[in-house]
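# Descriptive analysis of the structure
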Amino acid sequence: MATEDPDRKTEVVLLACGSFNPITNMHLRLFELAKDYFHETGKYKVIKGIISPVGDAYKKKGLISANHRVTMAKLATKNSDWVEVDDWESCQSEWLETLKVLRYHHQKLLSAEVTNSLQDAEPVTKLGRKRKQQPNRHEPIKKKNQSPVVKSVPQVKLLCGSDMLESFGIPNLWKLEDITEIVEKHGLVCISRAGNNVQKFIYESDILWKHKNNIHLVEEWITNDISSTKIRRALRRGQSIRYLVPDVVRAYIEKNELYSPESEDRNAGVVLAPLQKHASASKNSQAPNN
């Protein structure tokens with residue numbers, strides 16, 4: 001039986017955005033489930049997973065400092081050979097739309113690919129001999145660099161759970177043009193439980209239905225109901241979270257005494273950054289011109 005050429009597979013980078021407040025074993029499982037799914041198709045090769053914790057300006061209730069959340073995520077992925085943490089988003093002073101984070105990582109990969117292609121394309125000349133210039137002839141660096149650059153750039157796909165996908169339907173949480181660009185130019189990888197209504201949600205959305213071939217639904221057959229909200233609740237009540245989060249994360253939480261009734265009240269009464277931003281933009285666009 002002939003083996004498939006790995007060079008012909010589409011390279012994929014999985015990007016997960018969110019609070020990671022704190023990171024749990026379920027967050028890490030999302031990456032493994034998505035990687036298995038893509039590799040089983042025989043068409044894709046997952047080369048990297050990126051965890052991008054949201055910045056403090058997101059203003060979500062109970063959101064502890066990005067510094068702690070990034071540190072815990074780094075501890076959780078310390079032994080992974082393919083999932084890493086990127087703190088660019090969390091370091092921004094203002095909240096960033098998920099689309100901007102996707103664009104940033106795509107551009108980063110594009111720049112790296114161009115650099116690699118330029119290095120690969122440099123002509124080799126023998127020492128002590130100058131290359132003779134011939135009129136009307138392109139240097140190899142130009143000729144070789146014309147086509148492979150863009151073609152070989154990995155696709156950055158947004159990795160999420162069904163709750164994020166369904167949040168597309170919440171008024172003012174997402175901009176319509178952002179949803180369109182995410183599913184059209186990048187793609188979604190949604191981990192959902194068997195029997196979930198995700199397919200129905202896609203069917204009822206014209207935008208998602210139009211780009212349904214770029215939305216990869218991965219069914220989670222070994223169900224896992226761990227969530228950051230439940231972890232924080234257990235911690236507030238003095239209950240054990242062992243085996244729900246990586247041991248290094250649990251130790252870090254205990255050492256720094258994170259997640260208390262007081263921390264859960266952080267940002268209480270504050271409007272979530274995207275709701276505030278999109279609602280005010282909508283209001284301004286409807287205001288009459290003077």
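For the structure given in this document, a descriptive report is provided here. (Residues numbered from 1 in each chain as written. Predicted model: local features only at pLDDT ≥ 70, side-chain atom pairs only at ≥ 80, totals over all residues. Heavy atoms only, no water.)

### Some words on the pairing of strand β1 (residues 10-18)
- In this sheet, strand β2 (residues 44-53) lies alongside β1 in parallel orientation, the contact comprising 9 bridges. Directly across from glutamate 11, in β2, lies its bridge partner lysine 45.
- After leaving β1, the chain enters helix α1 (residues 25-41) and then returns to the sheet as β2, a path that is right-handed.
- Direction of pairing for β1 relative to strand β4 (residues 155-161): parallel, over a ladder of 4 bridges. Across the sheet, the residue bridging to leucine 15 is leucine 158, located in β4. (Pairing = 2+ DSSP bridges. Helix = DSSP H or I, 4+ residues; strand = E, 2+ residues; numbered from the N terminus. Right-handed = clockwise from strand over helix to strand, strands pointing away.)

### As for the side chain of histidine 105
- Within the secondary structure layout, histidine 105 lies in helix α3 (residues 98-121).
- Non-local contacts of histidine 105, meaning those with residues more than four positions away in its chain, are made with Leu15, Ile50, Asp86 and Val156. (Contact = heavy atoms within 4.5 Å.)

### So, the sheet that holds β2
- Read across the open sheet, the 6 strands follow the order β3-β2-β1-β4-β5-β6; overall the sheet is parallel. Of all strands in the sheet, those bounded by a partner on one side alone are β3 (83-85) and β6 (215-220). This sheet shows a mean twist of 25° between the axes of neighbouring strands, independent of strand direction.
- For β4 and strand β5 (residues 188-193), the ladder comprises 4 bridges, and the chain directions are parallel. Looking at the pairing, glycine 161 lines up with isoleucine 191 of β5.
- Docked against the sheet, α1 engages β1, β2, β3, β4, β5 and β6, running at close to 160° with respect to β2. (Axes fitted to C-alpha atoms, helices over the stretch in contact; angles between N-to-C directions.)

### Section: the layout of surface pockets
- Space inside the largest pocket adds up to approximately 1,300 Å³.
- If you trace the largest pocket, you find 49 residues lining it, with Cys17, Gly18, Lys60, Asp163 and Met164 closest to the centre.
- Mapped onto the lining of the largest pocket, the elements with two or more residues apiece are β1, α1, α3, β4, α6 (162-166), β5, α10 (228-236) and α13 (273-286).
- With 4 residues, the single largest contributor to the lining of the largest pocket is α1.
- Classifying every residue of the lining of the largest pocket by side-chain character gives 23 nonpolar, 15 polar and 11 charged. (1 Å grid on protein atoms, 1.4 Å probe; cavity = no way out; pocket = protein on both sides within 12 Å on 5 of 7 lines; lining within 4 Å. Points joined across faces, edges and corners; volume = space filled by probe spheres on them. Nonpolar A, V, L, I, M, F, W, Y, C, P; charged D, E, K, R; others polar.)

### Describing helix α2 (residues 66-76)
- Among all positions of α2, only Ala66, His68, Arg69, Val70, Met72, Ala73 and Ala76 are buried.
- Residues of α2 that are buried make contact with α1, β2, β3 and α11 (247-256). (Buried < 20%, exposed > 50% of the residue type's maximum accessible area, 1.4 Å probe, protein only.)

### Some thoughts on the pattern of salt bridges
- Tallying each qualifying case throughout the model produces 13 salt bridges.
- Notably, a salt bridge pairs glutamate 204 with lysine 200, separated by 2.9 Å at the nearest N-O pair. (Salt bridge = Lys/Arg side-chain N within 4 Å of Asp/Glu carboxyl O.)

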